[in-house]
Amino acid sequence: MAKTSPRRSTSPASVVAVFPGSFDPLTNGHVDIIDRSVTIFGRVVVGVLNNPSKNALFSDQERVDLIKRQVSRYKGRVSVVSFSGLLVDFVKSVNSRVVIRGLRAISDFDYEAQMALINRKLSPDVETFFLAAREENSYISSTVVKQVALLGGDVSDMVPPVVERALKEKWRAKQSVSRRGVR
Ligand code: PNS
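Read on for a plain summary of the structure.

For the chain, the helix and strand inventory stands at six helices and five strands. Helices and strands appear in the chain in the N-to-C order β-α-β-α-β-α-β-α-β-α-α. With the C-alpha coordinates of the chain rotated into their principal frame, the extents come out at 80 × 30 × 30 Å. Among the 183 residues that make up the chain, the fraction classed as buried is 28%.

In structure tokens, the structure reads:
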């Protein structure tokens, strides 16, 4: 049998972890995953996917800026970086091998497990850690938040205040465009 030497273990506090996503926009669910990741890992890099083909409400820069404003309280332990291309390449580019994803429900699991397996196939060193969402956030998604906010609904329990204000601006802009269209 081939001899395998045990891998050196690393203390989580010295690990850089990547929390990737579209964040269109950041929700309380994302904020909770960031908050809890910071208590485990030394540094967290929030990787904001820059995907021009996806029909995003917020531009790449807007999404990055909103998250930066939210995480400024961590005084440098959380950074926000936009990326394109393969996640595993981005993870390596920031000297990490840890990906964090939140799981809301069993229905998330199929997609998330597939992504974790593909990423491992592409880069066997990269490990995916799943954090279970808090119950109060389990119904929240960026898609639902956008739908409600753009119809003028209250999303104050679903997103941080900085995102709520930005959504209100998008809603006002949409209202004035549709008013101009009626005239
Ligand atoms: O917030 P999302 O949209 O669920 O995040 C998905 C994300 C950005 C993590 C995923 O689409 C991704 O990693 N995209 C980068 C391209 C890539 O590496 N694809 C192969 C793994 S599916």
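We now examine the sheet that holds strand 3 (residues 78-83). Within the open sheet, the five strands sit side by side as 3-2-1-4-5. Their pairing is parallel. Either end of the sheet is taken by a strand with one partner, and the two such strands are strand 3 and strand 5 (127-132). In this sheet, neighbouring strand axes are inclined to one another by 30 degrees on average, regardless of whether the strands run parallel or antiparallel. In the packing of helix 2 (residues 60-71) onto the sheet, contacts are made with strand 2 (43-49) and strand 3, and the angle to strand 3 comes to roughly 175 degrees. Across the sheet, helix 4 (residues 106-122) is in contact with strand 4 (98-103) and strand 5; its angle to strand 4 comes to roughly 170 degrees.

Okay, the nonpolar core next. Across soluble globular proteins, you tend to see nonpolar side chains buried next to one another. By size, the foremost hydrophobic cluster in this structure holds 34 residues, and its most contacted members are V18, F19, V44, V46 and I67. Leave out the neighbours within four places in its chain, and I67 touches F23, L26, V46, V48 and V80.

On to the site of the ligand. As a structural note, the neighbourhood of the ligand is formed by P20, G21, S22, L49, L86, L87, M115, I118 and N119. By residue class, the composition of the shell around the ligand is six nonpolar, three polar and no charged.

Turning our attention to the environment of P160. Following the sequence through the fold, P160 ends up in the loop between helix 5 (142-150) and helix 6 (161-182). Distance in space between the C-alpha atoms of P160 and L26 is 7.9 Å, their sequence separation being 134 residues. In this structure, P160 is in contact with L26, N28, V31 and Q70, ignoring residues within four places of it in sequence.

Conventions we followed
- Residues numbered from 1 in each chain as written.
- Predicted model: local features only at pLDDT ≥ 70, side-chain atom pairs only at ≥ 80, totals over all residues.
- Helix = DSSP H or I, 4+ residues; strand = E, 2+ residues; numbered from the N terminus.
- Buried ≥ 20, exposed ≤ 12 C-beta atoms within 10 Å, placed from the backbone.
- Pairing = 2+ DSSP bridges.
- Axes fitted to C-alpha atoms, helices over the stretch in contact; angles between N-to-C directions.
- Contact = placed C-beta atoms within 7 Å.
- Core = buried A, V, L, I, M, F, W, Y, C linked by C-beta atoms within 7 Å.
- Near = placed C-beta within 6 Å.
- Nonpolar A, V, L, I, M, F, W, Y, C, P; charged D, E, K, R; others polar.

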